[in-house]
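Each chain, written out:
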Amino acid sequence: MTVSQILFILFALATLVAAYLVVTVRNLIHAALWLVASLLGIAAIFVMLDASFMATVEVVLYVGAIAILIVFAVMLTRRVMEDVGPQRTNNWWFAAILSVLFFASTSILIWFTKWPNLPEGDVGDTVLILGKSLVDPNKYVIPFEVASVLLMVALIGSIAVALPSKQSE
Amino acid sequence: MPEVRVGDLLVSLYDLLGWGLSELGLYPSVVSILQKLVAGFILANFCLLTPLFTIWLERKVSARFQDRLGPNRVGPYGLFQGFADIVKLITKEDITPASADKTVFNIGPVLAVMSVLGIWAVIPFTSTMVGTDINVGILYSVAVGAIGTLAIMMGGWASNNKYALLGSFRTVSQLVSYEVPMIIALLIPTLLAGSMRMNTIVQEQQVWFIVAAPIAGLIFLISGIAEVGRAPFDLLEAESEIVAGFHVEYTGMKFGVWMLAEFLHAFTVSAITAVVFLGGWRGPWVDQYPLLGIVYFLIKTYFVSMLMLWIRVTVPRVRIDQMNDLNWKFLVPLSLAVLVMTALVDKLIPVDFSAGSRSLILFLANMVIVVATLLVLRGVSRKEQAAQSDLQAEVNSI
């Protein structure tokens with residue numbers, strides 16, 4: 001086993017354990033903090049894949065947003081520290097079946113997909129390649145533009161929701 | 001044995017350490033890990049000891065601004081005041097509130113310092129001396145800074161104190177809003193250099209970027225001060241009006257660690273400004289003797305640091321509505337306008353123009369935006385004054 005394999009197993013294990021704790025821990029804030037740990041594990045795996053841009057974006061967007069998530073968790077819930085209710089509803093078996101099905105189908109997909117091998121040696125500036133392929137008509141310019149428009153719609157929508165209506169004034 | 005170059009002494013010592021370790025018969029990968037651990041240890045300690053000096057400097061200089069003497073009892077010119085303060089903080093009782101979430105309470109301050117120290121990994125001291133020159137350097141510095149926001153939220157929540165929690169809400173709202181103009185302002189030097197790699201950005205500055213992007217530099221400085229939460233943006237912990245803020249429950253050295261994170265953050269923002277806008281290690285004879293770059297870099301960093309101090313002791317504290325207005329109604333639109341303008345003008349300039357004339361054209365374009373902004377601001381303030389005098393007339397008629 002090479003060093004990078006050992007590192008991958010360590011990071012993957014840390015990510016999985018943290019992700020498990022996110023859904024089992026009773027304290028809402030602790031769950032959010034375990035989510036941070038899990039996302040940092042994913043960022044570490046991105047670093048190991050030489051995807052430095054993806055790794056930093058993972059930290060900027062997700063870990064940075066967790067602080068806001070905690071703000072909402074505190075403001076929208078009552079007595080997060082004292083929650084003692086049951087952690088399962090009666091529909092747990094349905095969720096379990098769905099999760100197993102999802103896991104099985106993704107596993108099958110991953111197993112049968114022909115993954116391209118990593119190019120040997122130095123591939124050059126990965127950020128440059130990423131940036132160029134995002135504006136290349138033969139590559140990802142349409143998904144990129146569609147995502148931009150979607151974000152724009154979300155922005156305008158949030159403004160429309162937050163605007164006070166004319167009658168109430 | 002690698003040759004030792006006096007002009008690049010520290011890097012030579014680093015190579016020498018690697019050579020010595022590999023002579024001991026260690027694997028190359030182990031050698032490079034050990035080398036990096038030693039270098040990281042020295043860098044981290046340099047950063048952690050810097051505030052000892054900068055805190056003394058700040059107290060001394062702000063005392064002069066306010067016609068006082070400042071610390072002058074411990075050591076020559078009060079230089080050892082910092083050590084006395086640290087001893088005081090360490091010997092104080094360390095209280096953890098009984099109902100606090102102990103683990104999160106203790107992780108908070110450590111995470112805050114870590115997030116600031118992490119930024120120093122990508123800051124180039126000289127052309128050859130940089131922790132790790134990753135190709136997303138600028139974005140990395142923003143990403144690691146975002147963890148600091150999380151640390152503040154953790155500290156405020158774990159204290160289990162209403163005022164601490166409210167304080168951390170205030171702080172997070174300010175930090176998150178001022179991140180927007182800061183990132184947009186950092187996009188402009190990235191655009192001009194054509195890379196997010198810190199060392200490339202410095203190398204591309206034949207003419208400092210403060211000439212080609214003066215507005216972006218100013219926006220970055222303002223939002224940087226707001227990110228650190230110092231005057232005039234210290235309404236988060238305005239001592240004279242409200243309970244301190246998120247660190248109200250911290251005592252002794254844990255409080256000291258929060259303060260350390262704040263001072264180090266201020267110094268780090270100055271360092272990033274020096275690297276991105278003031279040409280970092282660039283200066284005369286730096287090609288022959290790269291070690292000189294450290295001197296230039298530190299001079300520029302301390303210059304920005306003193307500029308921030310000057311602002312801090314001169315400008316009065318802003319109100320919370322002014323803080324929000326300045327960000328969302330002024331800095332964000334302005335930074336977006338400058339970004340679009342820079343991208344357009346930079347594309348229109350022919351490739352064979354020299355760096356000097358390119359900077360000059362961009363500078364002039366920036367000045368056009370300054371004039372336009374001032375005209376818009378004048379219009380807005382005239383409207384507001386008219387509305388106010390109308391109101392006054394109405395009141396007088398009653």
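Residues numbered from 1 in each chain as written. Chains lettered and ligands numbered in written order. Predicted model: local features only at pLDDT ≥ 70, side-chain atom pairs only at ≥ 80, totals over all residues.

Asks: If you had to explain the overall build of chain B to someone new, which residues and values would you point to?
Replies: When its secondary structure is counted, chain B shows 13 helices and 0 strands. Over its C-alpha trace chain B gives a radius of gyration of 24 Å, about what one expects of a compact globule, namely 21 Å for 398 residues. Dimensions of chain B, computed from the C-alpha atoms along their principal axes, are close to 95 × 65 × 40 Å. Counting across all 398 residues of chain B, residues that qualify as buried make up 39%. Summarising the internal contacts of chain B: among those between residues at least 6 apart in sequence, 75% fall at separations of at least 24. (Helix = DSSP H or I, 4+ residues; strand = E, 2+ residues; numbered from the N terminus. Rg over C-alpha atoms; globule rule 2.2 N^0.38 Å. Buried ≥ 20, exposed ≤ 12 C-beta atoms within 10 Å, placed from the backbone. Contact = placed C-beta atoms within 7 Å.)

Asks: Please set out the overall build of chain A residue by residue, giving values where relevant.
Replies: For chain A, the helix and strand inventory stands at 6 helices and 0 strands. Counting from the amino terminus, helix and strand elements in chain A follow one another as α-α-α-α-α-α. Taking 15 Å as the expected radius of gyration for a compact globule of 169 residues, we find that chain A reaches 21 Å, considerably beyond that expectation. Expressed as lengths along the three principal axes of its C-alpha atoms, the size of chain A is roughly 60 × 45 × 30 Å. Per-residue burial over chain A gives 13% buried out of 169 residues. Taking as baseline every contact in chain A between residues at least 6 positions apart, the subset at least 24 positions apart corresponds to 52%.

Asks: Please set out the domain arrangement of chain A residue by residue, giving values where relevant.
Replies: Taken as a whole, chain A is organised into domain 1 (1-79) and domain 2 (128-163). For domain 1 of chain A and domain 2 of chain A, the distance between their C-alpha centroids amounts to 25 Å. (Domains from an automatic or database assignment.)

Asks: For the interface of chain B and chain A, give the residues involved together with the corresponding values.
Replies: Between chain B and chain A, the contact holds 20 residues from the first and 20 residues from the second. Mapped by element, the contributors of at least two residues to the side of chain B that touches chain A are α5 (137-158) and α6 (162-193) of chain B. The element best represented in the side of chain B that touches chain A is α5 of chain B, accounting for 10 residues.

Asks: How would you sum up helix α1 (residues 3-24) of chain A? Please name residues and give values.
Replies: Across its 22 residues, α1 of chain A extends 32 Å between first and last C-alpha, which sits within 8% of the 32 Å expected from 1.5 Å per residue. Burial of α1 of chain A is sparse: only 0 of the 22 residues sit out of reach of the surface. (Expected span 1.5 Å × (residues − 1).)

Asks: Can you break down the packing of helix α2 (residues 28-65) of chain B against helix α10 (residues 252-277) of chain B residue by residue, with the values?
Replies: Residues and elements named next belong to chain B. Between α2 and α10, whose axes approach to 9 Å, the crossing angle comes to 90 degrees. For the element pair α2 / α10, the angle class is roughly perpendicular. Two secondary-structure elements touch here, α2 through Cys47, Thr50, Pro51, Thr54 and Ile55 and α10 through Leu260, Phe263, Leu264 and Phe267. Counted by class, the contact of α2 with α10 contains 7 nonpolar, 2 polar and no charged residues. (Axes fitted to C-alpha atoms, helices over the stretch in contact; angles between N-to-C directions. Parallel < 35°, antiparallel > 145°, perpendicular 65-115°, else oblique. Nonpolar A, V, L, I, M, F, W, Y, C, P; charged D, E, K, R; others polar.)

Asks: Report on the nonpolar core, specifying residues and quantitative values.
Replies: Residues and elements named next belong to chain B. Formed by 107 residues in total, the largest nonpolar core has its most connected members in Ile123 and Leu150. By residue number, the principal contributor to this core is α5, which donates 14 residues. In contact with Ile123, not counting residues within four places along its chain, are Val130, Met198, Ala271 and Val275. (Core = buried A, V, L, I, M, F, W, Y, C linked by C-beta atoms within 7 Å.)

Asks: Which residues make up the environment of Ala146 of chain B, and what are the values?
Replies: Mapped onto the elements of the fold, Ala146 of chain B is located in helix α5. Residue Ala146 of chain B is classed as buried on the basis of its C-beta count, with 22 C-beta atoms lying within 10 Å. In sequence terms Ala146 of chain B and Leu175 of chain B are 29 residues apart; their C-alpha atoms lie 8.9 Å from each other. Apart from the residues lying within four places of it in its own chain, the contact partners of Ala146 of chain B are Val59, Val60, Val63 and Gly64 of chain A.

Asks: Break down the packing of helix α1 (residues 9-23) of chain B against α2 of chain B for me, with residues and values.
Replies: Any two packed helices are characterised by the angle at which their axes cross and by the distance between the axes. Residues and elements named next belong to chain B. For the pair α1 and α2, the least separation of the axes is 9 Å and the interaxial angle reads 140 degrees. Relative to α2, the element α1 is oriented oblique. Taken as a pair, α1 and α2 cross one another with a handedness that is right-handed. For the pair formed by α1 and α2, the contact residues are Tyr14, Leu17, Gly18, Leu21 and Ser22 on the first element and Pro28, Val31, Leu34, Gln35, Val38 and Ala39 on the second. The residue inventory of the contact of α1 with α2, partitioned by class, reads 8 nonpolar, 3 polar and no charged. (Left-handed = near helix turned anticlockwise from the far one by under 90°.)

Asks: Got a sec to walk through the domain arrangement of chain B? Specific residues and values, please.
Replies: Residue and element names in this part refer to chain B. Domain boundaries in chain B define domain 1 (1-91) and domain 2 (95-397). The C-alpha-based centres of domain 1 and domain 2 are spaced at 24 Å. At the interface, 20 residues of domain 1 touch 20 residues of domain 2. Of all the secondary structure elements, the ones that give two or more residues to the side of domain 1 that touches domain 2 are α1, α2 and α3 (81-91). Here the element with the most residues in the side of domain 1 that touches domain 2 is α2; it accounts for 11 residues. Each residue belonging to the side of domain 1 that touches domain 2 can be placed in one class, and the counts come to 13 nonpolar, 5 polar and 2 charged.

Asks: Mind laying out the confidence of the model for chain B, listing which residues take part and the relevant values?
Replies: Averaged over all residues, the pLDDT of chain B equals 88, while 100% of them reach at least 70. The ipTM value of the predicted complex is 0.83, and its pTM value is 0.89. (pLDDT = per-residue confidence, 0-100.)

Asks: Help me get a handle on the environment of Ala193 of chain B, residues and values and all.
Replies: Residues and elements named next belong to chain B. For Ala193, the position within the fold is in helix α6. A count of 19 C-beta atoms within 10 Å places Ala193 in the partly exposed class. Residues within four places of Ala193 in sequence aside, it is in contact with Thr200, Ile201 and Glu204.

Asks: A description of the environment of Ala185 of chain B should follow, citing residues and the corresponding values.
Replies: Residue and element names in this part refer to chain B. One can find Ala185 in helix α6. We classify Ala185 as buried; it has 27 C-beta atoms within 10 Å. Separated by 178 residues in sequence, Ala185 and Phe363 place their C-alpha atoms 15 Å apart. Non-local contacts of Ala185, meaning those with residues more than four positions away in its chain, are made with Ala216, Ile219, Phe220, Ser223 and Ser335.

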